[in-house]
Amino acid sequence: MNSFDWTSAGEDIPELVERKMPVLLFIQGEQYYDGVDPDSVELMTEGTMEVEGDPYRLTYQESELTGMEGTTTTFEVRGPQVILTRAGGVNSQMVFEEGQQHTSLYETPYGELSIDVQTSRLHHTLSEQGGKMEIHYSIAVEHTVAGRNTFKIRIRRKNENR
């Protein structure tokens, strides 16, 4: 009878390691509307980056500055898609995929809206060290174009020795 050595079983199989690390997020959001000067918000905040194989998850708390205080925002980067989820005072999920349109519901304290998101550019250079992400998209509310938007996010791992 052969005995199986459990201590060496699976040594050649790469382990899927999930890591959650503190990061600094530098976020610039711009909104462009016809005939109106662009609206721009810049924010530096602390958050977390989770690395779980292919998906990267960036999470942070919204503040008074963004008008969504009490809301947790998560960007999940999965293959060619980025899924933006907001939970709390504002609840929504928007899917960004270059050259594609996705429709979702946007819940506010005042009611729900149908949102169409058409992504014209999506680019990121994320790694466990941080990186950059840029998303250009147009948004239609209840199937009426409401404007063009840009997210530019720079992610830097927080120095854990401080």
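Residues numbered from 1 in each chain as written. Predicted model: local features only at pLDDT ≥ 70, side-chain atom pairs only at ≥ 80, totals over all residues. Heavy atoms only, no water.

(A) Region of interest: the overall build of the chain. A tally of helices and strands in the chain yields 0 helices and 10 strands. Residues classed as buried in the chain amount to 36% of the 162 residues present. Within the chain, contacts between residues at least 6 apart in sequence are counted, and of these 37% link residues at least 24 apart. Only carbon and sulfur atoms are counted for the fraction: they give 48% of the accessible area of the chain, which is about 10,200 Å². (Helix = DSSP H or I, 4+ residues; strand = E, 2+ residues; numbered from the N terminus. Buried < 20%, exposed > 50% of the residue type's maximum accessible area, 1.4 Å probe, protein only. Contact = heavy atoms within 4.5 Å. Areas by Shrake-Rupley, 256 points an atom, 1.4 Å probe, with all protein chains shown as cover.)

(B) Fine view of the layout of surface pockets. A volume near 750 Å³ is recorded for the largest pocket. If you go around the largest pocket, you meet 32 residues; those closest to its centre are Q31, T66, M68, R86 and Y106. Counting residues per element, the lining of the largest pocket draws most heavily on strand β1 (residues 18-33), which supplies 5 residues. Looking at the lining of the largest pocket residue by residue, the classes come out as 18 nonpolar, 9 polar and 5 charged. When its volume is computed, the second largest pocket comes out at roughly 220 Å³. In terms of lining, the second largest pocket is formed by 14 residues, of which the most central are F26, Q28, K152, I153 and R154. (1 Å grid on protein atoms, 1.4 Å probe; cavity = no way out; pocket = protein on both sides within 12 Å on 5 of 7 lines; lining within 4 Å. Points joined across faces, edges and corners; volume = space filled by probe spheres on them. Nonpolar A, V, L, I, M, F, W, Y, C, P; charged D, E, K, R; others polar.)

(C) The packing of aromatic side chains, seen in detail. Enumeration according to the criterion identifies 3 aromatic pairs in this entry. Arranged with centres 6.0 Å apart and planes meeting at 25°, the rings of Y137 and F151 form a pair that is stacked. Remark: F151 occurs in strand β10 (residues 144-157) and Y137 occurs in strand β9 (residues 130-141); sequence separation between them is 14 residues. Overall, the relative accessible area of 10% leaves F151 in the buried class. Three or more aromatic residues link up through ring pairs in this structure, and these residues are F75, F96, Y137 and F151. (Phe/Tyr/Trp six-rings, centres within 6.5 Å; stacked < 30°, edge-to-face > 60°.)

(D) Just the side chain of S114, in detail. Among the structural elements, S114 can be located in strand β8 (residues 111-124). Ignoring anything within four residues of it in the chain, the contact list for S114 reads T103, S104, L105, A140, V141, E142 and H143.

(E) View of the pattern of salt bridges. The final tally for this structure, using the stated rule, is 6 salt bridges. We note a salt bridge from E128 to R19, for which the minimum N-O separation is 3.4 Å. In this pair, E128 is assigned in the loop between β8 and β9 and R19 in strand β1, connecting sequence segments 109 residues apart. What makes E128 partly exposed here is its relative accessible area of 26%. A salt bridge links R57 to E76, with the shortest nitrogen-to-oxygen separation between them at 3.3 Å. Pair noted here: R57 is in strand β3 (residues 56-61) and E76 is in strand β4 (residues 72-78), with a separation of 19 residues, a long-range link. Each of the two residues, R57 as well as E76, counts as buried. When salt bridges that share partners are traced, they join E50, R57, E76 and R78 into one network. (Salt bridge = Lys/Arg side-chain N within 4 Å of Asp/Glu carboxyl O.)

(F) Quick look at the side chain of E97. Inspection of the secondary structure puts E97 in strand β6 (residues 91-97). As a buried residue without a salt bridge, E97 has its nearest oppositely charged side chain in R78, at a separation of 11 Å. In this view, E97 contacts P80, Q81, H102, T119 and L122; residues no more than four positions away in its chain are not counted. (Lys, Arg positive; Asp, Glu negative; His and termini not counted.)

So far we have only geometry, and geometry alone does not tell us how the molecule works.
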